[in-house]
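Structure assessment
One letter stands for each residue in the lines below.
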Amino acid sequence: MTDLDPTAPLNATVHLAFAFDIGDEIDLERARELLRGELTRLPRRRRTPQSLTYRPSPIQVPIDPEGFALPGPCQVIRPLRAELTLFDFGAVSLTIPFSVQATPDELLALAGELSNTAPLNDDARKLVLPWFDRLRPAVHDFDVSSLSEEYIIFQLQEQRPDWLERHAAWIAGLVRLEAGPLSAEEVREATRLRMAYTPSDLVVLDWAAGFVADVDCADTLQVIEFANVQLLEFRHIDDRLDDRLEASYRLIRPERNVRRPFSLWPTHGDAVRHVRELEIEATSLFERVDNALKLIGDHYLARVFELSATRFHIREWQQSIRRKLETVGDVYDLLIQQSGHHRTEALEITVIILIAIEIFLAIFRH
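How each quantity is defined
Residues numbered from 1 in each chain as written. Predicted model: local features only at pLDDT ≥ 70, side-chain atom pairs only at ≥ 80, totals over all residues. Heavy atoms only, no water. Helix = DSSP H or I, 4+ residues; strand = E, 2+ residues; numbered from the N terminus. Contact = heavy atoms within 4.5 Å. Areas by Shrake-Rupley, 256 points an atom, 1.4 Å probe, with all protein chains shown as cover. pLDDT = per-residue confidence, 0-100. Buried < 20%, exposed > 50% of the residue type's maximum accessible area, 1.4 Å probe, protein only. Axes fitted to C-alpha atoms, helices over the stretch in contact; angles between N-to-C directions. Parallel < 35°, antiparallel > 145°, perpendicular 65-115°, else oblique. Left-handed = near helix turned anticlockwise from the far one by under 90°. Polar contact = N/O pair within 3.5 Å; in protein donor to acceptor, adjacent residues only side chain to side chain. Patch = residues over 30% accessible without salt bridge, like charges linked within 9 Å, V, L, I, M, F, W, Y side chains within 5 Å. Salt bridge = Lys/Arg side-chain N within 4 Å of Asp/Glu carboxyl O. Pairing = 2+ DSSP bridges. Core = buried A, V, L, I, M, F, W, Y, C linked by side-chain atoms within 4.5 Å. Phe/Tyr/Trp six-rings, centres within 6.5 Å; stacked < 30°, edge-to-face > 60°. Nonpolar A, V, L, I, M, F, W, Y, C, P; charged D, E, K, R; others polar.

1. Some thoughts on the overall build of the chain
Scanning the chain from N- to C-terminus turns up nine helices and twelve strands. Considering only residue pairs separated by 6 or more positions, the chain has 79% of its internal contacts joining residues 24 or more positions apart. Element-wise, carbon and sulfur atoms account for 54% of the exposed surface of the chain, whose accessible area totals about 18,600 Å².

2. Re the confidence of the model for the chain
In this model, the chain carries a mean pLDDT of 82, and residues with pLDDT of at least 70 account for 80%. Confidence drops under pLDDT 50 across residues 255–267; counting only partners more than four residues distant or on other chains, this segment forms 19 contacts.

3. As for unusual backbone geometry
The phi torsion at Arg-36 lies on the positive side, around 55 degrees, for a residue other than glycine. Here Arg-36 shows up in the loop between helix 1 (28–35) and strand 3 (38–39). The exposure class of Arg-36 is exposed, given its relative accessible area of 75%. A positive phi angle, close to 60 degrees, is found at His-313, a residue other than glycine. Assignment of secondary structure puts His-313 in the loop between helix 8 (299–312) and helix 9 (314–365). We classify His-313 as partly exposed; its relative accessible area is 39%.

4. A few points about the packing of helix 2 (residues 104–114) against helix 4 (residues 163–175)
Between two packed helices, the angle of one axis relative to the other and the distance separating the axes together describe the packing. With their axes 8 Å apart at the nearest point, helix 2 and helix 4 run at an angle of 30 degrees to one another. The orientation of helix 2 relative to helix 4 falls into the category roughly parallel. Regarding helix 2 and helix 4, the two cross each other, and that crossing is left-handed. Of helix 4, the residues touching helix 2 (which contributes Pro-104, Leu-107, Leu-108 and Ala-111) are Trp-170, Gly-173 and Leu-174.

5. Quick notes on the side chain of Asp-201
Position of Asp-201 relative to the elements: it lies in the loop between strand 10 (194–195) and strand 11 (202–205). A polar atom in the side chain of Asp-201 sits 2.8 Å from the backbone nitrogen of Tyr-197.

6. Topic: a nonpolar patch on the surface
A contiguous nonpolar patch, built from Ile-349, Ile-353, Leu-354, Ile-357, Phe-360, Leu-361 and Phe-364 and spanning about 700 Å² of accessible area, is present on the exposed surface. Turning to its location among the elements, Phe-364 is positioned in helix 9.

7. Regarding the pairing of strand 12 (residues 209–213)
Of all five residues in strand 12, five are buried; the element is thus mostly enclosed. Neither face of strand 12 is left uncovered, since the one carrying Ala-209, Phe-211 and Ala-213 and the one carrying Gly-210 and Val-212 both have all their residues buried. As paired elements, strand 9 (residues 148–156) and strand 12 share five bridges and run parallel to each other. Pairing of Phe-154 across the sheet is with Phe-211, part of strand 12. The pairing of strand 11 with strand 12 spans four bridges and is classified as antiparallel. Following the sheet pairing, Val-204 is matched in strand 12 by Phe-211. In sequence, strand 11 turns back onto strand 12 through a hairpin of three residues.

8. Some thoughts on the nonpolar core
Grouped together as the largest cluster of nonpolar side chains are 61 residues, with contacts concentrated most on Val-14, Leu-86, Leu-94, Leu-107, Phe-154, Trp-170 and Phe-211. Considering every element that reaches this core, the biggest residue donor is helix 4, with eight residues. Counting residues in each nonpolar core, the second largest holds 42 residues, with Phe-87, Val-223, Ala-227 and Ile-321 among its members.

9. A short note on the packing of aromatic side chains
Following the criterion strictly, the structure yields ten aromatic pairs and no others. Plain terms: the ring middles of Phe-68 and Phe-98 are 6.3 Å apart, the flat faces sit at 40 degrees to each other, and that makes the pair tilted. Highlighted residues: Phe-68 in the loop between strand 4 (59–63) and strand 5 (75–76) and Phe-98 in strand 7 (residues 91–102), separated in sequence by 30 residues. Of the residues examined, Phe-98 reaches a relative accessible area of 1% and is grouped as buried.

10. Some remarks on the pattern of salt bridges
Scanning all chains against the criterion turns up 15 salt bridges. Residue Arg-160 pairs with Glu-158 through a salt bridge whose shortest N-O separation is 2.8 Å. For Arg-160, a relative accessible area of 6% corresponds to the buried category. In this structure, the salt-bridge partner of Arg-176 is Asp-206, at a minimum N-O distance of 2.4 Å.

11. Details of the environment of Ile-153
Within the secondary structure layout, Ile-153 lies in strand 9. Measuring from C-alpha to C-alpha, the distance between Ile-153 and Leu-205 comes to 8.6 Å, with 52 residues separating the pair along the chain. Once residues lying within four places of it in the same chain are set aside, the contact partners of Ile-153 are Thr-13, Val-14, His-15, Gly-210, Val-212, Leu-221 and Ile-224.

12. Quick look at the packing of helix 1 against helix 3 (residues 118–135)
Across the interface, helix 1 lies against helix 3 with an axial gap of 9 Å and an inter-helix angle of 120 degrees. Relative to helix 3, the element helix 1 is oriented oblique. The two elements helix 1 and helix 3 meet at a crossing, and its hand is right-handed. Mapping the contact onto sequence places Ala-31, Leu-34 and Leu-35 in helix 1 and Trp-131, Arg-134 and Leu-135 in helix 3. Within the contact of helix 1 with helix 3, the residues separate by chemical class into five nonpolar, no polar and one charged.

Written as C-alpha cells, this is what we have:
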C-alpha cells in the first residue's frame, strides 16, 4: 500500500461532540413531548448483543446547526445535520458531523485550526441555549453549568491495512490537533492508545481528538461520545462536592458555628440535614452516570470505552469522587457526634439548674 497522496482529496467526516450539564435530572418523557424527540438506541453490528442498551434510553432530537461552520477552507459535501441527546442525569450532548472532501494536508491544517476550541464551544452554546430554554419545564433544578466538554473525531472510510505503519505521524497530528511536525516520541505517545477489529480498520484516541478508520462505526462513535459526557458529569460532581464540602467544613468548626437566638449551643440540625442530602444527591447522580451504559458482552465496544476512559482519565475522576463521598460521610458522622455531645451538655446543665433550683427553694422555705 502506498503512502497517502498529499494532493488527492479524501472523503472524511469530522465529528464534533459537545457535552453540557443543565440540571440535576431530566424527565425524559416530558422532554420527549416538549422537543418531539425519539428514544436513542445503541447502533448495532451483527456481533453486538441485543442486551446492550442505555438504561434508561436517552432522548435524541435532530436540530438545524444553522450558522455553525468549520474553520478553514475544507469543502463540506453534504448538508449539515446535528443531534441533541438528552440523558436522565441532567446531561445533554450535541453532535455535529461535517462530511468534507479534503487532501491529507488540508485535514492536518484543519486539525491545527480546531486546536482553539473556545470559538467552537461558544458557537455550540449559542446553538443549544434556545433548546435548553424549551426544555426547562422537564428539568429538575434547571441550571446550565459553565462547564462543558468537547471532542473531535476524524473519520475516514478508506480501508488500509497499514494505517499506523505508514501514516503514524499524520494520524498523530490529527489527534493532537497539531498541523506542524511532531517528534518521534510525541508520535508514539499520541498513537499509543489504539485498537483495531480487522486488519483494515483503526481507532486512535488522544485527549482532544480521535481518529477512526472504519465504514460501519456508529456504535464506536456513540460510545466515545458517551465517554465524553461521563467526563463532564464526573467533573461536575467533583466540583459540586468541592464547593459543598467547604461549606460543610465551616459548619463543623466551633468558632464558626451559627447559634440561634437564645441558644447556648451551636445548632447542627440544618447542618446534618444539609450534609446528608449532599451525600445522597451526589451518590445517586454518580451511580446513574456510571451505570447509564453497560457494555458487558461486547468485548470490542467495552475496549473502545476503556480506551476512551483511559485517555479522559475517567477512572481518576471516579476515584476522586469516591474519596470525597467518603469525606462527606466522615463529616456527617462528626456532625452527629457533635450534635449528640451538645445535647448531652444541654441535658447535664439542665439537670444542674434543676438541682440548684430545688436547693434554692428548700433554703427559701426554711
